[in-house]
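Structure assessment
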Amino acid sequence: MRWRTDEYLKLVRPNTIIWKVRQSGHQLGAHNHDHARVFSRPVWPSAASRVTVSILQNNNKKRKSGEKGKAAVMAVNKSKVALGFMVAGIFALVFGTVLAIVGPLIIDEQIVKNTVIDPKNEMSYRMWKDVPVPFYMSVYFFNVLNPKEVLSGEKPMLEQRGPYVYRKRIQKENITFHANSTVTYREYRSYFFEPSMSAGNESDVVTIPNMLVLGAAVMMENLPFAMRLMISATFKAFKEGAFLTKTVGELMWGYDSGLVDFLNKYLPGMLPSSGKFGLFSEFNNSDSGLFTIFTGQDDIRNVHKVDSWNGLTKLNYWRTPQCNMINGTAGQMWPPFMTKRTTLPFYSPDACRSMELVYQRPGSLKGIPLYRYVAPKTLFANGSDYAPNEGFCPCRQSGLLNVSSCRQNSPVFISHPHFFNADPVLLNFVHGLHPNEDQHGLFIDIHPQTGVPLNVSIRLQLNLYIKRVSAITETGKIPETIMPMIWFEESGFIDGPILDTFHTNLVVLPAIMEVMQYGFIALGLATVIVAALVRHRIRKATYETSTQGNGAPTKSMQGDSDK
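Remember, predicted model here, so these are calculated numbers, not experimental data.

Of all five residues making up strand S16 (residues 443-447), five are buried, and the element is well covered by its neighbours. Neither face of S16 is left uncovered, since the one carrying Phe443, Asp445 and His447 and the one carrying Ile444 and Ile446 both have all their residues buried. Here strand S13 (residues 368-374) runs beside S16; their pairing, made up of four bridges, is antiparallel. Across the sheet, the residue bridging to Val374 is Phe443, located in S16. Note that S16 and strand S17 (residues 452-466) share five bridges and pair antiparallel. In the strand pairing of S17, Phe443 is matched with Ser457.

If you want it as C-alpha coordinates, here you go:
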(Lines give C-alpha, C1' and ligand atoms only; values in the text may rest on other atoms or scores of the structure.)
Protein backbone atom coordinates (compact mmCIF):
# COMPACT_ATOMS: atom_id res chain seq x y z
CA MET A 1 0.00 0.00 0.00
CA ARG A 2 1.42 3.31 -1.06
CA TRP A 3 0.45 6.86 0.27
CA ARG A 4 1.13 10.33 -1.14
CA THR A 5 1.07 13.56 0.88
CA ASP A 6 -1.44 16.04 -0.68
CA GLU A 7 -1.20 19.23 1.50
CA TYR A 8 -0.74 20.54 5.01
CA LEU A 9 -4.07 21.48 6.48
CA LYS A 10 -3.55 22.84 9.89
CA LEU A 11 -1.02 23.16 12.64
CA VAL A 12 -2.73 21.69 15.71
CA ARG A 13 0.11 21.84 18.19
CA PRO A 14 3.88 21.71 18.04
CA ASN A 15 5.31 18.51 16.55
CA THR A 16 1.84 17.39 15.33
CA ILE A 17 0.76 17.65 11.68
CA ILE A 18 -2.59 16.76 10.15
CA TRP A 19 -2.11 14.97 6.87
CA LYS A 20 -4.62 14.42 4.17
CA VAL A 21 -3.75 11.35 2.24
CA ARG A 22 -5.35 9.67 -0.65
CA GLN A 23 -4.81 6.21 -2.04
CA SER A 24 -3.17 6.47 -5.51
CA GLY A 25 -4.80 3.84 -7.71
CA HIS A 26 -4.19 0.91 -5.24
CA GLN A 27 -6.63 -1.16 -3.33
CA LEU A 28 -6.76 -0.82 0.41
CA GLY A 29 -7.61 -4.26 1.74
CA ALA A 30 -10.58 -5.74 -0.17
CA HIS A 31 -12.06 -2.34 -1.22
CA ASN A 32 -11.82 -1.11 -4.83
CA HIS A 33 -12.65 2.57 -4.49
CA ASP A 34 -10.92 5.82 -3.55
CA HIS A 35 -11.26 6.96 0.02
CA ALA A 36 -9.62 9.58 2.14
CA ARG A 37 -8.21 9.12 5.53
CA VAL A 38 -7.30 11.93 7.87
CA PHE A 39 -5.06 11.07 10.73
CA SER A 40 -2.61 12.79 12.94
CA ARG A 41 0.54 11.61 14.40
CA PRO A 42 3.26 13.30 16.29
CA VAL A 43 6.31 13.75 14.26
CA TRP A 44 9.51 15.61 14.59
CA PRO A 45 9.14 18.37 12.01
CA SER A 46 11.48 18.26 9.11
CA ALA A 47 13.20 21.31 7.70
CA ALA A 48 10.57 21.60 4.96
CA SER A 49 7.71 21.39 7.40
CA ARG A 50 9.27 24.02 9.64
CA VAL A 51 9.65 26.39 6.73
CA THR A 52 6.08 25.79 5.68
CA VAL A 53 4.76 26.39 9.20
CA SER A 54 6.79 29.55 9.47
CA ILE A 55 5.36 30.82 6.19
CA LEU A 56 1.81 30.10 7.36
CA GLN A 57 2.39 31.84 10.66
CA ASN A 58 3.83 34.91 8.94
CA ASN A 59 0.88 35.08 6.52
CA ASN A 60 -1.54 34.79 9.42
CA LYS A 61 0.21 37.59 11.28
CA LYS A 62 0.19 39.81 8.20
CA ARG A 63 -3.53 39.15 7.67
CA LYS A 64 -4.32 40.01 11.29
CA SER A 65 -2.06 43.02 11.16
CA GLY A 66 -3.82 44.24 8.01
CA GLU A 67 -7.23 43.82 9.58
CA LYS A 68 -6.07 45.70 12.66
CA GLY A 69 -4.69 48.46 10.47
CA LYS A 70 -7.93 48.81 8.56
CA ALA A 71 -9.92 48.83 11.80
CA ALA A 72 -7.63 51.48 13.24
CA VAL A 73 -7.98 53.66 10.13
CA MET A 74 -11.78 53.32 10.23
CA ALA A 75 -11.80 54.17 13.95
CA VAL A 76 -9.69 57.25 13.32
CA ASN A 77 -11.98 58.38 10.50
CA LYS A 78 -15.09 57.94 12.62
CA SER A 79 -13.46 59.81 15.46
CA LYS A 80 -12.65 62.71 13.13
CA VAL A 81 -16.25 62.79 11.84
CA ALA A 82 -17.58 62.86 15.41
CA LEU A 83 -15.14 65.64 16.26
CA GLY A 84 -16.33 67.58 13.23
CA PHE A 85 -19.94 67.26 14.36
CA MET A 86 -18.93 68.45 17.82
CA VAL A 87 -17.33 71.57 16.34
CA ALA A 88 -20.40 72.21 14.17
CA GLY A 89 -22.64 71.80 17.22
CA ILE A 90 -20.54 74.26 19.20
CA PHE A 91 -20.80 76.78 16.35
CA ALA A 92 -24.61 76.33 16.23
CA LEU A 93 -24.81 76.75 20.00
CA VAL A 94 -22.71 79.91 19.93
CA PHE A 95 -24.67 81.32 16.98
CA GLY A 96 -28.00 80.67 18.71
CA THR A 97 -26.75 82.29 21.92
CA VAL A 98 -25.45 85.34 20.05
CA LEU A 99 -28.73 85.58 18.16
CA ALA A 100 -30.67 85.43 21.44
CA ILE A 101 -28.63 88.35 22.76
CA VAL A 102 -28.27 90.42 19.59
CA GLY A 103 -31.72 89.72 18.08
CA PRO A 104 -33.76 91.80 20.56
CA LEU A 105 -31.19 94.59 20.29
CA ILE A 106 -31.63 94.66 16.53
CA ILE A 107 -35.42 94.81 16.88
CA ASP A 108 -35.17 97.61 19.47
CA GLU A 109 -32.82 99.54 17.22
CA GLN A 110 -35.29 99.30 14.34
CA ILE A 111 -38.13 100.43 16.61
CA VAL A 112 -36.13 103.47 17.72
CA LYS A 113 -35.23 104.26 14.11
CA ASN A 114 -38.86 104.11 12.96
CA THR A 115 -40.33 105.86 16.01
CA VAL A 116 -38.32 109.06 15.68
CA ILE A 117 -40.30 111.81 13.95
CA ASP A 118 -38.24 112.22 10.82
CA PRO A 119 -39.35 112.80 7.20
CA LYS A 120 -36.71 110.24 6.19
CA ASN A 121 -38.80 107.55 7.90
CA GLU A 122 -41.35 107.64 5.14
CA MET A 123 -43.98 105.25 6.48
CA SER A 124 -43.90 106.26 10.16
CA TYR A 125 -43.69 109.97 9.32
CA ARG A 126 -46.69 109.70 7.02
CA MET A 127 -48.65 107.91 9.74
CA TRP A 128 -47.82 110.70 12.18
CA LYS A 129 -48.55 113.52 9.75
CA ASP A 130 -51.77 112.21 8.21
CA VAL A 131 -53.25 109.73 10.65
CA PRO A 132 -54.40 106.91 8.34
CA VAL A 133 -56.53 105.22 10.98
CA PRO A 134 -60.24 106.05 10.60
CA PHE A 135 -61.46 107.96 13.67
CA TYR A 136 -65.12 108.38 14.51
CA MET A 137 -66.98 110.59 16.92
CA SER A 138 -70.23 109.11 18.17
CA VAL A 139 -72.55 111.64 19.84
CA TYR A 140 -75.41 110.80 22.21
CA PHE A 141 -77.97 113.43 23.23
CA PHE A 142 -79.93 113.40 26.47
CA ASN A 143 -83.39 114.32 25.31
CA VAL A 144 -85.40 115.99 28.10
CA LEU A 145 -88.85 114.37 28.19
CA ASN A 146 -90.46 116.68 30.79
CA PRO A 147 -89.12 120.24 30.31
CA LYS A 148 -92.28 121.90 31.70
CA GLU A 149 -92.26 119.72 34.79
CA VAL A 150 -88.60 120.54 35.37
CA LEU A 151 -89.46 124.25 35.40
CA SER A 152 -92.02 123.40 38.06
CA GLY A 153 -89.34 121.82 40.24
CA GLU A 154 -89.57 118.15 39.25
CA LYS A 155 -86.61 115.89 38.54
CA PRO A 156 -85.57 115.80 34.85
CA MET A 157 -86.40 112.66 32.91
CA LEU A 158 -83.78 111.93 30.25
CA GLU A 159 -83.84 109.73 27.18
CA GLN A 160 -80.57 108.88 25.45
CA ARG A 161 -80.71 109.43 21.68
CA GLY A 162 -78.07 108.29 19.26
CA PRO A 163 -75.45 107.53 18.31
CA TYR A 164 -74.99 110.15 15.64
CA VAL A 165 -71.68 109.16 14.09
CA TYR A 166 -69.18 111.47 12.42
CA ARG A 167 -66.01 110.48 10.65
CA LYS A 168 -63.12 112.56 11.92
CA ARG A 169 -60.33 113.60 9.59
CA ILE A 170 -57.04 114.65 11.18
CA GLN A 171 -54.18 116.32 9.33
CA LYS A 172 -51.08 118.15 10.55
CA GLU A 173 -50.00 121.30 8.74
CA ASN A 174 -47.47 124.12 9.15
CA ILE A 175 -44.88 121.55 10.20
CA THR A 176 -41.55 123.11 11.19
CA PHE A 177 -38.54 121.20 12.54
CA HIS A 178 -36.17 122.92 14.97
CA ALA A 179 -32.52 122.41 15.88
CA ASN A 180 -33.34 121.40 19.47
CA SER A 181 -34.99 118.14 18.32
CA THR A 182 -38.52 119.54 18.39
CA VAL A 183 -41.18 120.04 15.73
CA THR A 184 -44.02 122.56 15.65
CA TYR A 185 -47.35 121.97 13.91
CA ARG A 186 -51.07 122.66 13.90
CA GLU A 187 -53.48 119.77 13.73
CA TYR A 188 -56.65 120.44 11.80
CA ARG A 189 -59.80 118.39 12.27
CA SER A 190 -63.01 118.12 10.33
CA TYR A 191 -66.12 115.99 10.78
CA PHE A 192 -68.36 114.25 8.25
CA PHE A 193 -71.70 112.70 9.12
CA GLU A 194 -72.01 108.95 8.54
CA PRO A 195 -75.72 108.07 8.18
CA SER A 196 -75.05 104.34 7.72
CA MET A 197 -73.37 104.14 11.12
CA SER A 198 -75.87 106.33 12.94
CA ALA A 199 -79.11 105.53 14.75
CA GLY A 200 -80.82 108.54 13.24
CA ASN A 201 -80.35 111.56 11.02
CA GLU A 202 -79.10 115.05 11.70
CA SER A 203 -82.67 116.19 11.11
CA ASP A 204 -83.83 114.43 14.30
CA VAL A 205 -85.24 116.87 16.86
CA VAL A 206 -84.16 116.77 20.50
CA THR A 207 -84.69 118.94 23.57
CA ILE A 208 -81.79 119.94 25.77
CA PRO A 209 -81.10 122.71 28.30
CA ASN A 210 -80.53 126.12 26.68
CA MET A 211 -76.94 127.02 27.61
CA LEU A 212 -77.47 130.65 26.59
CA VAL A 213 -80.24 131.08 29.17
CA LEU A 214 -79.54 128.66 32.00
CA GLY A 215 -75.77 129.04 31.77
CA ALA A 216 -75.95 132.84 31.66
CA ALA A 217 -78.38 132.84 34.60
CA VAL A 218 -75.86 131.05 36.84
CA MET A 219 -73.02 133.27 35.62
CA MET A 220 -75.02 136.44 36.50
CA GLU A 221 -76.71 135.37 39.71
CA ASN A 222 -74.51 137.74 41.73
CA LEU A 223 -75.32 140.80 39.63
CA PRO A 224 -77.69 143.44 41.01
CA PHE A 225 -81.36 142.54 40.97
CA ALA A 226 -82.19 145.20 38.39
CA MET A 227 -79.50 143.91 36.07
CA ARG A 228 -80.91 140.41 36.32
CA LEU A 229 -84.34 141.76 35.43
CA MET A 230 -82.89 143.37 32.33
CA ILE A 231 -81.25 140.11 31.35
CA SER A 232 -84.53 138.27 31.76
CA ALA A 233 -86.25 140.88 29.61
CA THR A 234 -83.58 140.38 26.94
CA PHE A 235 -84.25 136.63 26.91
CA LYS A 236 -87.95 137.28 26.44
CA ALA A 237 -87.30 139.75 23.66
CA PHE A 238 -85.39 137.14 21.68
CA LYS A 239 -87.89 134.41 22.65
CA GLU A 240 -85.27 132.31 24.40
CA GLY A 241 -86.49 129.82 26.98
CA ALA A 242 -84.89 127.46 29.50
CA PHE A 243 -84.96 124.52 27.08
CA LEU A 244 -84.04 124.38 23.45
CA THR A 245 -85.65 122.14 20.83
CA LYS A 246 -83.56 121.92 17.69
CA THR A 247 -82.34 119.41 15.16
CA VAL A 248 -79.20 117.39 15.86
CA GLY A 249 -77.35 119.19 13.07
CA GLU A 250 -78.23 122.62 14.48
CA LEU A 251 -77.24 121.71 18.01
CA MET A 252 -73.95 120.24 16.78
CA TRP A 253 -72.73 122.81 14.28
CA GLY A 254 -74.69 125.95 15.11
CA TYR A 255 -77.97 127.69 14.49
CA ASP A 256 -79.03 131.27 13.85
CA SER A 257 -80.02 133.16 16.97
CA GLY A 258 -80.86 136.83 17.47
CA LEU A 259 -79.58 136.57 21.04
CA VAL A 260 -76.22 135.24 19.82
CA ASP A 261 -75.89 138.13 17.36
CA PHE A 262 -76.83 140.61 20.11
CA LEU A 263 -74.26 139.22 22.56
CA ASN A 264 -71.50 139.09 19.97
CA LYS A 265 -72.21 142.73 19.06
CA TYR A 266 -72.54 144.27 22.53
CA LEU A 267 -70.65 141.75 24.71
CA PRO A 268 -67.87 140.44 22.44
CA GLY A 269 -65.90 137.53 23.84
CA MET A 270 -68.73 136.28 26.03
CA LEU A 271 -69.42 133.38 23.65
CA PRO A 272 -66.74 130.95 22.41
CA SER A 273 -67.52 131.68 18.75
CA SER A 274 -68.52 134.78 16.88
CA GLY A 275 -70.79 133.01 14.39
CA LYS A 276 -73.53 130.50 14.89
CA PHE A 277 -73.86 128.94 18.32
CA GLY A 278 -73.46 125.16 18.49
CA LEU A 279 -71.98 122.63 20.87
CA PHE A 280 -69.23 121.64 18.39
CA SER A 281 -69.16 124.69 16.12
CA GLU A 282 -65.69 125.69 17.32
CA PHE A 283 -64.26 122.20 16.69
CA ASN A 284 -65.20 121.58 13.06
CA ASN A 285 -62.70 122.78 10.46
CA SER A 286 -60.45 124.15 13.16
CA ASP A 287 -57.14 123.33 14.80
CA SER A 288 -56.37 122.32 18.37
CA GLY A 289 -53.65 124.91 18.84
CA LEU A 290 -49.96 125.25 18.07
CA PHE A 291 -48.13 122.21 19.43
CA THR A 292 -44.37 121.88 19.81
CA ILE A 293 -43.30 118.33 20.60
CA PHE A 294 -40.02 116.43 20.81
CA THR A 295 -38.95 114.37 17.81
CA GLY A 296 -36.90 111.85 19.82
CA GLN A 297 -33.73 112.49 17.79
CA ASP A 298 -31.64 113.17 20.89
CA ASP A 299 -33.56 110.97 23.34
CA ILE A 300 -36.19 108.43 22.28
CA ARG A 301 -37.72 108.61 25.75
CA ASN A 302 -38.99 112.11 24.91
CA VAL A 303 -40.51 111.39 21.52
CA HIS A 304 -44.03 112.86 21.09
CA LYS A 305 -43.87 114.63 24.47
CA VAL A 306 -45.22 118.18 24.45
CA ASP A 307 -42.65 120.94 24.85
CA SER A 308 -45.18 123.78 24.56
CA TRP A 309 -48.75 124.53 23.48
CA ASN A 310 -49.58 127.89 21.91
CA GLY A 311 -46.16 128.99 23.11
CA LEU A 312 -46.94 128.06 26.73
CA THR A 313 -44.98 125.57 28.80
CA LYS A 314 -47.62 125.75 31.52
CA LEU A 315 -51.27 126.77 31.75
CA ASN A 316 -52.92 129.57 33.67
CA TYR A 317 -56.42 128.13 34.08
CA TRP A 318 -55.97 126.48 37.46
CA ARG A 319 -55.02 127.33 41.01
CA THR A 320 -51.85 125.26 41.57
CA PRO A 321 -48.62 124.84 39.55
CA GLN A 322 -49.13 121.07 39.46
CA CYS A 323 -52.57 121.38 37.85
CA ASN A 324 -51.22 123.92 35.34
CA MET A 325 -48.46 121.59 34.14
CA ILE A 326 -48.47 120.45 30.52
CA ASN A 327 -47.50 116.79 30.80
CA GLY A 328 -47.14 113.87 28.44
CA THR A 329 -47.79 113.72 24.72
CA ALA A 330 -50.42 115.25 22.46
CA GLY A 331 -52.52 112.11 22.94
CA GLN A 332 -51.84 110.27 19.70
CA MET A 333 -48.60 108.34 20.33
CA TRP A 334 -46.26 107.67 23.23
CA PRO A 335 -42.57 106.79 23.68
CA PRO A 336 -41.69 103.11 23.05
CA PHE A 337 -40.61 100.37 25.46
CA MET A 338 -43.44 100.76 27.96
CA THR A 339 -43.89 98.56 31.02
CA LYS A 340 -46.86 97.81 33.23
CA ARG A 341 -45.62 100.49 35.62
CA THR A 342 -45.64 103.09 32.84
CA THR A 343 -48.50 105.58 32.87
CA LEU A 344 -50.08 107.28 29.87
CA PRO A 345 -49.96 111.08 30.35
CA PHE A 346 -51.27 113.45 27.68
CA TYR A 347 -52.42 117.03 27.31
CA SER A 348 -55.97 117.67 26.08
CA PRO A 349 -56.75 121.21 24.88
CA ASP A 350 -60.46 120.37 24.90
CA ALA A 351 -60.34 119.42 28.60
CA CYS A 352 -57.95 122.34 29.30
CA ARG A 353 -55.63 120.12 31.33
CA SER A 354 -53.21 117.21 31.34
CA MET A 355 -54.62 113.78 32.11
CA GLU A 356 -53.03 110.47 32.95
CA LEU A 357 -54.25 106.94 32.33
CA VAL A 358 -53.03 103.87 34.23
CA TYR A 359 -52.36 100.26 33.26
CA GLN A 360 -55.29 97.88 33.71
CA ARG A 361 -54.52 94.57 31.96
CA PRO A 362 -52.73 92.95 29.01
CA GLY A 363 -54.51 91.87 25.85
CA SER A 364 -54.07 91.33 22.13
CA LEU A 365 -55.50 92.58 18.85
CA LYS A 366 -55.32 89.97 16.10
CA GLY A 367 -52.21 88.47 17.63
CA ILE A 368 -50.48 91.77 18.45
CA PRO A 369 -49.81 92.15 22.20
CA LEU A 370 -51.16 95.27 23.89
CA TYR A 371 -51.62 96.98 27.23
CA ARG A 372 -54.98 98.46 28.16
CA TYR A 373 -54.89 101.81 29.93
CA VAL A 374 -57.92 103.30 31.65
CA ALA A 375 -58.82 106.40 33.62
CA PRO A 376 -58.28 106.05 37.38
CA LYS A 377 -61.11 106.99 39.72
CA THR A 378 -59.00 109.93 40.84
CA LEU A 379 -59.00 111.53 37.36
CA PHE A 380 -62.08 113.67 38.06
CA ALA A 381 -62.12 113.32 41.86
CA ASN A 382 -62.63 116.53 43.84
CA GLY A 383 -60.03 118.03 46.11
CA SER A 384 -61.55 116.48 49.22
CA ASP A 385 -61.24 112.95 47.90
CA TYR A 386 -57.91 113.49 46.12
CA ALA A 387 -55.76 116.35 47.37
CA PRO A 388 -53.70 116.91 44.15
CA ASN A 389 -56.95 117.86 42.39
CA GLU A 390 -57.57 120.76 44.76
CA GLY A 391 -56.14 123.07 42.11
CA PHE A 392 -59.03 122.23 39.74
CA CYS A 393 -61.60 123.58 42.18
CA PRO A 394 -64.06 125.14 42.91
CA CYS A 395 -65.28 121.56 42.94
CA ARG A 396 -68.54 119.82 43.38
CA GLN A 397 -69.04 116.06 43.74
CA SER A 398 -66.25 113.70 42.75
CA GLY A 399 -66.46 112.66 39.15
CA LEU A 400 -66.91 116.20 37.81
CA LEU A 401 -64.26 118.48 36.30
CA ASN A 402 -65.12 122.17 36.40
CA VAL A 403 -63.93 123.65 33.08
CA SER A 404 -65.60 127.03 33.51
CA SER A 405 -62.19 128.71 33.84
CA CYS A 406 -61.39 127.87 30.21
CA ARG A 407 -64.94 128.14 28.85
CA GLN A 408 -65.76 131.83 29.34
CA ASN A 409 -66.80 131.06 32.95
CA SER A 410 -69.86 129.17 31.80
CA PRO A 411 -70.92 126.55 34.41
CA VAL A 412 -69.84 123.55 32.34
CA PHE A 413 -68.56 120.31 33.87
CA ILE A 414 -66.91 117.31 32.23
CA SER A 415 -67.44 113.76 33.49
CA HIS A 416 -67.52 110.19 32.31
CA PRO A 417 -70.75 109.25 30.50
CA HIS A 418 -73.73 108.54 32.75
CA PHE A 419 -71.60 109.71 35.69
CA PHE A 420 -69.55 106.53 35.59
CA ASN A 421 -66.92 106.49 38.38
CA ALA A 422 -68.58 109.53 39.94
CA ASP A 423 -70.25 110.19 43.26
CA PRO A 424 -73.49 108.12 43.25
CA VAL A 425 -75.43 111.13 44.49
CA LEU A 426 -75.23 112.59 40.97
CA LEU A 427 -77.48 109.79 39.72
CA ASN A 428 -80.22 111.04 42.03
CA PHE A 429 -80.44 114.40 40.24
CA VAL A 430 -82.04 112.96 37.10
CA HIS A 431 -83.85 109.89 35.78
CA GLY A 432 -82.52 107.72 32.95
CA LEU A 433 -78.82 107.18 33.68
CA HIS A 434 -77.32 103.68 33.83
CA PRO A 435 -73.50 103.78 34.08
CA ASN A 436 -71.31 100.76 33.33
CA GLU A 437 -67.65 100.38 32.43
CA ASP A 438 -68.08 98.55 29.12
CA GLN A 439 -70.20 101.31 27.59
CA HIS A 440 -69.01 104.38 29.47
CA GLY A 441 -65.40 103.83 30.57
CA LEU A 442 -62.61 105.27 28.44
CA PHE A 443 -59.54 103.24 27.45
CA ILE A 444 -56.53 103.17 25.17
CA ASP A 445 -55.07 99.86 23.95
CA ILE A 446 -51.42 100.47 23.14
CA HIS A 447 -48.59 98.36 21.77
CA PRO A 448 -46.04 98.67 24.60
CA GLN A 449 -42.95 98.07 22.51
CA THR A 450 -43.64 100.93 20.05
CA GLY A 451 -46.02 103.20 21.98
CA VAL A 452 -48.51 103.12 19.09
CA PRO A 453 -52.22 102.98 20.04
CA LEU A 454 -54.02 100.06 18.43
CA ASN A 455 -57.53 100.72 19.75
CA VAL A 456 -58.79 103.96 21.30
CA SER A 457 -62.08 104.93 22.92
CA ILE A 458 -62.22 108.32 24.67
CA ARG A 459 -65.64 108.90 26.24
CA LEU A 460 -66.62 112.14 27.92
CA GLN A 461 -69.86 113.81 28.95
CA LEU A 462 -70.78 117.49 28.86
CA ASN A 463 -72.90 118.69 31.78
CA LEU A 464 -74.47 122.02 32.65
CA TYR A 465 -74.93 123.26 36.18
CA ILE A 466 -78.45 124.72 36.40
CA LYS A 467 -80.48 126.25 39.20
CA ARG A 468 -83.21 128.76 39.92
CA VAL A 469 -81.93 132.36 39.80
CA SER A 470 -84.15 135.04 41.22
CA ALA A 471 -85.29 137.82 38.86
CA ILE A 472 -84.51 135.63 35.87
CA THR A 473 -87.95 134.14 35.46
CA GLU A 474 -86.87 131.78 32.67
CA THR A 475 -85.28 129.57 35.33
CA GLY A 476 -88.68 128.99 37.00
CA LYS A 477 -88.32 126.59 39.95
CA ILE A 478 -85.56 124.49 38.46
CA PRO A 479 -83.85 122.47 41.22
CA GLU A 480 -80.11 122.74 41.60
CA THR A 481 -78.89 120.05 39.23
CA ILE A 482 -75.89 118.87 37.26
CA MET A 483 -77.75 118.28 34.00
CA PRO A 484 -76.22 115.92 31.39
CA MET A 485 -76.62 117.32 27.88
CA ILE A 486 -74.57 115.08 25.58
CA TRP A 487 -71.83 112.51 25.76
CA PHE A 488 -69.47 111.58 22.96
CA GLU A 489 -66.99 108.88 22.11
CA GLU A 490 -63.95 109.41 19.91
CA SER A 491 -62.77 106.00 18.74
CA GLY A 492 -60.46 104.44 16.24
CA PHE A 493 -58.47 101.26 15.72
CA ILE A 494 -55.75 100.08 13.40
CA ASP A 495 -56.94 97.67 10.72
CA GLY A 496 -56.24 96.58 7.15
CA PRO A 497 -52.76 96.87 5.58
CA ILE A 498 -51.39 98.90 8.50
CA LEU A 499 -52.38 96.17 10.95
CA ASP A 500 -50.90 93.53 8.64
CA THR A 501 -47.62 95.45 8.53
CA PHE A 502 -47.64 95.75 12.31
CA HIS A 503 -48.36 92.03 12.68
CA THR A 504 -45.56 91.06 10.28
CA ASN A 505 -42.90 93.34 11.76
CA LEU A 506 -43.82 93.07 15.43
CA VAL A 507 -45.14 89.53 15.74
CA VAL A 508 -44.12 87.27 12.86
CA LEU A 509 -40.50 88.36 12.40
CA PRO A 510 -39.66 88.40 16.13
CA ALA A 511 -41.30 84.98 16.47
CA ILE A 512 -39.23 83.60 13.59
CA MET A 513 -36.09 85.05 15.13
CA GLU A 514 -36.96 83.55 18.50
CA VAL A 515 -37.58 80.12 16.95
CA MET A 516 -34.29 80.36 15.08
CA GLN A 517 -32.25 81.33 18.12
CA TYR A 518 -33.67 78.62 20.36
CA GLY A 519 -33.60 76.14 17.48
CA PHE A 520 -29.89 76.75 16.94
CA ILE A 521 -29.24 76.43 20.67
CA ALA A 522 -31.18 73.14 20.91
CA LEU A 523 -29.61 71.76 17.72
CA GLY A 524 -26.13 72.74 18.88
CA LEU A 525 -26.57 71.11 22.29
CA ALA A 526 -27.99 67.91 20.79
CA THR A 527 -25.22 67.70 18.19
CA VAL A 528 -22.45 68.24 20.75
CA ILE A 529 -23.87 65.63 23.14
CA VAL A 530 -24.46 62.95 20.49
CA ALA A 531 -21.09 63.55 18.82
CA ALA A 532 -19.30 63.40 22.18
CA LEU A 533 -20.96 60.06 23.03
CA VAL A 534 -20.11 58.58 19.63
CA ARG A 535 -16.50 59.71 19.85
CA HIS A 536 -16.21 58.28 23.36
CA ARG A 537 -17.46 54.87 22.18
CA ILE A 538 -15.06 54.86 19.22
CA ARG A 539 -12.09 55.66 21.44
CA LYS A 540 -13.14 52.97 23.91
CA ALA A 541 -13.50 50.32 21.19
CA THR A 542 -10.12 51.26 19.71
CA TYR A 543 -8.45 50.97 23.10
CA GLU A 544 -9.95 47.51 23.75
CA THR A 545 -8.83 46.23 20.32
CA SER A 546 -5.32 47.53 20.87
CA THR A 547 -5.14 45.88 24.31
CA GLN A 548 -6.20 42.48 22.94
CA GLY A 549 -3.67 42.62 20.09
CA ASN A 550 -0.67 43.48 22.25
CA GLY A 551 -1.48 41.65 25.47
CA ALA A 552 -1.50 37.97 26.71
CA PRO A 553 -2.83 35.08 24.61
CA THR A 554 -6.53 34.45 24.53
CA LYS A 555 -8.21 31.91 26.75
CA SER A 556 -8.51 29.23 24.00
CA MET A 557 -4.86 29.49 23.09
CA GLN A 558 -3.83 29.17 26.71
CA GLY A 559 -5.97 26.06 27.04
CA ASP A 560 -4.37 24.42 23.99
CA SER A 561 -0.86 25.09 25.14
CA ASP A 562 -1.57 23.36 28.42
CA LYS A 563 -2.43 20.08 26.72
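Once that is clear, we can look at the environment of Ala351. Along the polypeptide, Ala351 turns up in the loop between strand S11 (344-348) and strand S12 (353-365). Judged by relative accessible area, Ala351 falls into the buried class, the value being 2%. Along the sequence, Ala351 and Arg407 sit 56 residues apart, while their C-alpha atoms lie 9.9 Å from each other. Those residues in contact with Ala351 that sit more than four places away from it in its chain are Trp318, Leu401, Val403 and Ile414.

Feature annotation in UniProt places "transmembrane region" (unreviewed entry) on residues 81-107 and 515-534, given in this structure's numbering. For residues 515-534, helix accounts for 100% and strand for 0%, while the C-alpha atoms at its two ends are 28 Å apart.

The next point concerns the side chain of Thr481. Along the chain, Thr481 falls in strand S18 (residues 481-493). Among the polar contacts listed, one links the side chain of Thr481 to the backbone oxygen of Pro479, at a separation of 3.0 Å. Ignoring anything within four residues of it in the chain, the contact list for Thr481 reads Phe429, Val430, Leu464, Tyr465 and Ile466.

Attention shifts here to the packing of aromatic side chains. Scanning the model with the defined rule gives 21 aromatic pairs in all. Grouping aromatic residues by their ring pairs yields a cluster made of Tyr125, Trp128, Phe177, Tyr185, Phe291, Trp309 and Tyr347. Arg372 extends its terminal NZ or CZ atom over the ring of Phe443, reaching a point 3.8 Å from the ring centre.

Thresholds, definitions, all that
Residues numbered from 1 in each chain as written. Predicted model: local features only at pLDDT ≥ 70, side-chain atom pairs only at ≥ 80, totals over all residues. Heavy atoms only, no water. Buried < 20%, exposed > 50% of the residue type's maximum accessible area, 1.4 Å probe, protein only. Helix = DSSP H or I, 4+ residues; strand = E, 2+ residues; numbered from the N terminus. Pairing = 2+ DSSP bridges. Contact = heavy atoms within 4.5 Å. UniProt positions renumbered as here; feature names shortened; annotations may be inferred. Polar contact = N/O pair within 3.5 Å; in protein donor to acceptor, adjacent residues only side chain to side chain. Phe/Tyr/Trp six-rings, centres within 6.5 Å; stacked < 30°, edge-to-face > 60°. Lys NZ or Arg CZ within 6 Å of the ring centre and 35° of its normal.

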